[in-house]
Amino acid sequence: EPEVTQTPSHQVTQMGQEVILRCVPISNHLYFYWYRQILGQKVEFLVSFYNNEISEKSEIFDDQFSVERPDGSNFTLKIRSTKLEDSAMYFCASEGVEAFFGQGTRLTVV
Amino acid sequence: GQQVMQIPQYQHVQEGEDFTTYCNSSTTLSNIQWYKQRPGGHPVFLIQLVKSGEVKKQKRLTFQFGEAKKNSSLHITATQTTDVGTYFCAGERNQAGTALIFGKGTTLSVSS
């Protein structure tokens, strides 16, 4: 079965530090997403990416967030200056007909 | 903005009982998708419904999409302990590439 790979699986960072979360989507998919899930809560949309640009973003995705597809395979989410409330599980997803989610990166901001 | 409401938030059943979760969107959807998330896991795609009034079955799971394409339900017949997890509906407004907006999910627990 196709797989979306995310690294790292767990990241602990100090408040104010920058973090980069990495994702390798499924190779023939064109649409990529970042979602986050605060512990025990619903999956929240952050941003969608198509044709090398952001196609849609939520109000959560403020100036502290950015996404890149630096090469043909990786898809990254950068948080410039982390806050305590950024602690969550971050899921990358890629979509062909259905969306496949990665295993997630658990970000803990201390 | 678009909202997807899902009820109930939690449901506990005895093994063998039926279970239903309901999903309502504030806007007409292009399609609706259902995902299951096991504790500590990631959302896993179950099914996509596209047509108005569509009904799809996967073994003991029955999925429905309303005539107005604004609501949906997932019904599990004769639950088993393996059905435990959180079931999310996710609505998509237009074509692929727009955001999947998730409901809050229904967490199902099953006791034997």
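Position numbers for residues count from 1 along each chain, tracking the sequence in the order it is written. The naming scheme follows written order: chains are lettered A onward, ligands numbered 1 onward. Only residues with pLDDT of at least 70 get local features here, since the model is predicted, and only at 80 or more are side-chain atom pairs given and counted; chain-wide, interface and lining totals rely on the full set of residues. As a rule here, side-chain values cover all heavy atoms of the structure and leave hydrogens and water aside.

> Tell me about the overall build of chain B, residues and numbers included.
Only runs of H or I of at least four residues qualify as helices and only runs of E of at least two qualify as strands under DSSP, and these elements are numbered from the N terminus. The secondary structure content of chain B amounts to zero helices and eleven strands. Put simply, chain B runs from its N terminus to its C terminus through helices and strands in the order β-β-β-β-β-β-β-β-β-β-β. Burial classes follow relative accessibility: with a 1.4 Å probe on protein chains only, a residue under 20% of its type's maximum area counts as buried, one over 50% as exposed, and anything between as partly exposed. By the burial criterion, 51% of the 112 residues in chain B qualify as buried. What makes two residues a contact is simply this: any of their non-hydrogen atoms within 4.5 Å. Within chain B, contacts between residues separated by at least 24 positions form 55% of all contacts whose residues are at least 6 apart in sequence. Note on areas: these come from Shrake-Rupley sampling with a 1.4 Å probe, and a residue is covered only by the protein chains present in the view. A total of about 5300 Å² of accessible surface is found on chain B, and carbon and sulfur atoms cover 50% of it. When charges are counted, Lys and Arg are positive and Asp and Glu negative, with His and the chain ends excluded. Charged side chains are reduced to one point each, which is NZ for Lys, CZ for Arg, CG for Asp and CD for Glu. Taking the 11 positively charged and 7 negatively charged side chains of chain B as two groups, their mean positions are separated by 7 Å.

> Can you break down the sheet that holds strand β6 (residues 55-58) of chain B residue by residue, with the values?
Residues and elements named next belong to chain B. What makes two strands pair is DSSP finding at least two bridges between them. The sheet built from five strands is open, its strands ordered β1-β3-β8-β7-β6 with antiparallel pairing. With partners counted over all chains shown, the strands left at the sheet margins are β1 (4-7) and β6, one partner each. Direction aside, the axes of adjacent strands within the sheet are offset by 15 degrees on average. Sheet analysis places β6 next to strand β7 (residues 61-65), joined by four bridges and oriented antiparallel. Bridge pairing in β7 links K56 to F63. Orientation is described by lines fitted to C-alpha atoms, with helices fitted over the stretch in contact, and by angles between N-to-C directions that extend from 0 to 180 degrees.

> Help me get a handle on the pairing of strand β8 (residues 75-79) of chain A, residues and values and all.
Residues and elements named next belong to chain A. With four of its five residues buried, β8 lies for the most part within the structure. One ladder, built from five bridges, connects strand β3 (residues 19-24) with β8; its direction is antiparallel. What sits directly across from C23, in β8, is F75. One ladder, built from four bridges, connects strand β7 (residues 65-68) with β8; its direction is antiparallel. Directly across from V67, in β8, lies its bridge partner L77. Remark: six residues form the turn of the hairpin made by β7 and β8, two consecutive strands paired antiparallel.

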